[in-house]
Amino acid sequence: SRRLYAGGGGSVRGYGYQAIGPKNEFMEPTGGRSLVEASLEARIGTGFFDGAVSVVPFFDLGSVSTSTTPDFAEIKMGAGIGLRYATGFGPIRFDVGIPLNPEPADPAVAVYISLGQAFSCARTRFADTRQPPAAALAVACASAAVPATC
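Residues numbered from 1 in each chain as written. Predicted model: local features only at pLDDT ≥ 70, side-chain atom pairs only at ≥ 80, totals over all residues. Heavy atoms only, no water.

A closer look at the overall build of the protein
The helix and strand inventory of the protein stands at one helix and six strands. Each helix (α) and strand (β) of the protein, taken in turn from the N terminus, gives the series β-β-β-β-β-α-β. Burial status across the protein gives 35% buried among its 150 residues. Put simply, 59% of the contacts in the protein that link residues at least 6 apart link residues at least 24 apart. Here the protein has roughly 8,600 Å² of accessible surface; of this, 62% comes from carbon and sulfur atoms. (Helix = DSSP H or I, 4+ residues; strand = E, 2+ residues; numbered from the N terminus. Buried < 20%, exposed > 50% of the residue type's maximum accessible area, 1.4 Å probe, protein only. Contact = heavy atoms within 4.5 Å. Areas by Shrake-Rupley, 256 points an atom, 1.4 Å probe, with all protein chains shown as cover.)

Here it is as structure tokens:
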């Protein structure tokens, strides 16, 4: 499908997978033609397990619109806290998020467990340093539009 979706562990934490944006009469996500997302998280080293564990407070926002330009009137926001455990093959992520402006059908809390980086820019941004900072800041923003033919 050429439709765009938002919500979930790789998008706006605190909301269900693809739960943000247009829905049909059965409350199933239909996706949209434009998407805007932004995420902010601080990765704070703890020193536990030789520095392999970090605490991660985060704030995410996103919107999906049926228009070819993003609709900033329908921005959904989520915030929470997570843990990262650095392994040789990538971090194990555990996040707990809450929707800040939920719809009636949205859960009060969402839990995400995954493997790998949430933001590729953080890996690139800090790749030149030999010692990672105790608190690394990662910011990601994406915007896209689907042609009117879909």
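Back to the text.
A word on the side chain of Ser 11
Among the structural elements, Ser 11 can be located in the segment before β1 (34-45). Under the relative-accessibility criterion, Ser 11 is labelled buried at 13%.

Some remarks on the packing of aromatic side chains
Summed over all chains, the structure comprises one aromatic pair. With 6.0 Å between their ring centres and 90° between their planes, Phe 49 and Tyr 85 make a pair best called edge-to-face. Here Tyr 85 lies in strand β3 (residues 76-85) and Phe 49 lies in the loop between β1 and β2 (53-65), a separation of 36 residues in the sequence. (Phe/Tyr/Trp six-rings, centres within 6.5 Å; stacked < 30°, edge-to-face > 60°.)

Section: the environment of Asn 24
Along the chain, Asn 24 turns up in the segment before β1. In this structure Asn 24 comes out as partly exposed when scored by relative accessible area, which is 22%. A polar atom in the side chain of Asn 24 sits 2.9 Å from the backbone nitrogen of Phe 26. (Polar contact = N/O pair within 3.5 Å; in protein donor to acceptor, adjacent residues only side chain to side chain.)

Points about the pairing of β3
Here is the key point about a regular strand: its side chains alternate between the two faces of the sheet. Relative to β3, β2 is paired through ten bridges, and the arrangement is antiparallel. Bridging across to β3, Phe 59 finds its partner in Ala 79. Where β3 folds back on strand β4 (residues 92-99), the antiparallel hairpin that results is connected by six residues, among which Gly 90 adopts a positive phi of roughly 130°. (Pairing = 2+ DSSP bridges.)

With respect to the side chain of Ser 65
Tracing the backbone through its elements, the reader meets Ser 65 in strand β2. Residue classification places Ser 65 among the buried positions, given a relative accessible area of 8%. Among all residues touching Ser 65, those that are not within four sequence positions of it are Gly 32, Arg 33, Ser 34, Pro 70 and Asp 71.

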